[in-house]
Amino acid sequence: METLSQSRAYEGIQGVYRHHSAVTGTDMTFSVYVPPHAPGARLPVLWYLSGLTCTHANVTDKGEYRRACAEHGIVFVAPDTSPRGPGVPDDESWDFGQGAGFYVDATIEPWAVNFRMRSYIEDELPALIASEFPMADLTRQGISGHSMGGHGALTIALRNPGRFKSVSAFAPIVSPLSCPWGEKALSGYLGPDRAAWRAYDACALIKDGGRLDAILIDQGTDDGFVHEQLKPELLKDACDEAGISLTLRMQPGYDHSYNFISTFMSDHVAWAAERL
């Protein structure tokens, strides 16, 4: 692991790091905020998965999480959204290819070689964090994310029961099977068999038996994607039917931007702290 930068923030350290991923076959960059802590202390970890077109830098620069993480003693990990590089397949559209990995393990060429973000987030990066950050207690993990990253957070938590004691999201894509972004991404990465898509759809996973204790969702009412792409009512219906406690907060006047995310980030860190 290579350290690209480190700087002091709220008495902790904000770092940006790079390593070569055996899973994606590329170099991957991620950020980690380590709050102030006593020597030898073990701290819970909150993962944050970013949305379409983003890298680790969006939330690192604009997410305003450090004060809350310092107050609650939580390590904050922000991975990239896809493999990148000149030899990595890409698409000319902004919602597919590099920057739009959708946290899946692709099975269709040419994407299958590099686009393995599910395995990267679920397996490889946690092992690296455990090895390189001894204060990170991976027996106490929470996960959150925005938009495509909210989809990733929900589906990863549902596929790994018991791993994440806290689950939340900002304006998540709750059902890729039911929206244009999801149809494009899942057909492109996985092929036409919609049965294979269900492992990457939060509503489908819940209908197929996936369970979480509780979920926090913040959604802006002025988000231009809410009706066509995000559809939070589908998650509400699935959670109601399954008996999952869903706190769905429709925030009046807020859009899809980091102005929205940063406003409510401290609530999500506190939500995680209560459970971790």
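Conventions adopted
- Residues numbered from 1 in each chain as written.
- Predicted model: local features only at pLDDT ≥ 70, side-chain atom pairs only at ≥ 80, totals over all residues.
- Heavy atoms only, no water.
- Helix = DSSP H or I, 4+ residues; strand = E, 2+ residues; numbered from the N terminus.
- Rg over C-alpha atoms; globule rule 2.2 N^0.38 Å.
- Contact = heavy atoms within 4.5 Å.
- Areas by Shrake-Rupley, 256 points an atom, 1.4 Å probe, with all protein chains shown as cover.
- Lys, Arg positive; Asp, Glu negative; His and termini not counted.
- Charge placed at Lys NZ, Arg CZ, Asp CG, Glu CD.
- Pairing = 2+ DSSP bridges.
- Axes fitted to C-alpha atoms, helices over the stretch in contact; angles between N-to-C directions.
- Phe/Tyr/Trp six-rings, centres within 6.5 Å; stacked < 30°, edge-to-face > 60°.
- Buried < 20%, exposed > 50% of the residue type's maximum accessible area, 1.4 Å probe, protein only.
- Lys NZ or Arg CZ within 6 Å of the ring centre and 35° of its normal.
- Arc of directions from axis to C-beta.
- Salt bridge = Lys/Arg side-chain N within 4 Å of Asp/Glu carboxyl O.

1. Remarks on the overall build of the chain
Moving on, step 1. A count of helical and extended segments in the chain gives 10 helices and 9 strands.
Moving on, step 2. Compactness check: the chain gives a C-alpha radius of gyration of 17 Å against a globular reference of 19 Å for 276 residues, within 12% of the reference.
Moving on, step 3. The contacts in the chain between residues at least 6 apart in sequence include a share of 71% that link residues at least 24 apart.
Moving on, step 4. By element, 49% of the accessible surface of the chain is carried by carbon and sulfur atoms, the whole surface being about 10,700 Å².
Moving on, step 5. Between the centroid of the 22 positive side chains of the chain and the centroid of its 34 negative side chains there is a distance of 5 Å.

2. Notes on the sheet that holds strand S6 (residues 136–145)
Moving on, step 1. Strand order in the open sheet made by the 9 strands is S1-S2-S3-S5-S4-S6-S7-S8-S9, with mixed pairing throughout. Whereas interior strands pair on both sides, the edge strands pair on one side only; in this sheet they are strand S1 (2–9) and strand S9 (245–251). Strand-to-strand, the axes of this sheet are offset by a mean angle of 20°, without reference to chain direction.
Moving on, step 2. In this sheet, strand S3 (residues 27–34) lies alongside strand S2 (residues 12–20) in antiparallel orientation, the contact comprising 8 bridges. From the neighbouring strand, Gly15 faces S3, where its bridge partner is Val32.
Moving on, step 3. Relative to S3, helix H3 (residues 117–132) is tilted by about 55°, and along the sheet it contacts S2, S3, strand S4 (43–49), strand S5 (75–78) and S6.

3. With respect to the environment of Glu233
Moving on, step 1. Mapped onto the secondary structure, Glu233 falls in helix H9 (residues 232–242).
Moving on, step 2. With 15 residues separating them along the chain, Glu233 and Leu248 place their C-alpha atoms 9.2 Å apart.

4. A look at the packing of aromatic side chains
Moving on, step 1. The tally for this structure, following the rule as stated, stands at 17 aromatic pairs.
Moving on, step 2. Their ring planes at 35° and their centres at 5.8 Å tell us that Tyr17 and Phe30 sit as a pair that is tilted. With a gap of 13 residues between them, Tyr17 in strand S2 and Phe30 in strand S3 connect regions that are remote in the sequence. Each member of the pair, Tyr17 as well as Phe30, is classed as buried.
Moving on, step 3. For the pair Phe115 and Tyr189, a centre-to-centre distance of 5.5 Å together with 25° between the ring planes defines the contact as stacked. With Phe115 in the loop between S5 and H3 and Tyr189 in helix H5 (residues 180–190), this pair connects stretches of sequence that are 74 residues apart. An identical accessibility class is assigned to Phe115 and Tyr189; each is buried.
Moving on, step 4. Three or more aromatic residues joined by ring pairs form one cluster here, namely Tyr33, Tyr48, Tyr65, Phe76, Phe170, Tyr254, Phe260 and Phe264.
Moving on, step 5. The cationic tip of Arg66 hangs over the ring face of Tyr65; the distance from NZ or CZ to the ring centre is 4.8 Å.
Moving on, step 6. Just above the ring of Trp271 sits the side chain of Arg275; from NZ or CZ to the centre is 3.5 Å.

5. Comments concerning H5
Moving on, step 1. Along H5, the positions that sit buried rather than exposed are Trp181, Gly182, Ala185, Leu186, Gly188, Tyr189 and Leu190. Relative to the axis of H5, the buried residues are bounded by an arc of 165° and lie together on one face.
Moving on, step 2. Structurally, H5 contributes buried residues whose contacts are with helix H6 (194–197) and helix H8 (226–230).

6. A few points about unusual backbone geometry
Moving on, step 1. Geometrically, the link from Glu109 to Pro110 is a cis peptide bond, its omega value of 5° lying close to zero.
Moving on, step 2. Structurally, Pro110 is set in the loop between S5 and H3.
Moving on, step 3. For Tyr10, which is not glycine, the phi dihedral falls at a positive 50°.
Moving on, step 4. Structurally, Tyr10 can be placed in the loop between S1 and S2.
Moving on, step 5. For Tyr10, a relative accessible area of 42% gives the class partly exposed.

7. A word on the pattern of salt bridges
Moving on, step 1. Summed over all chains, the structure comprises 14 salt bridges.
Moving on, step 2. The residue Glu11 makes a salt bridge to Arg8 at a minimum N-O spacing of 3.0 Å.
Moving on, step 3. With a relative accessible area of 58%, Arg8 lands in the exposed category.
Moving on, step 4. Measuring nitrogen to oxygen at the nearest pair gives 2.7 Å for the salt bridge that ties Lys184 to Asp95. Taken together, the residues Lys184 in helix H5 and Asp95 in the loop between S5 and H3 connect sequence positions 89 residues apart.
Moving on, step 5. If you follow the salt bridges from partner to partner, you end up with Arg42, Asp137 and Arg140 in one network.

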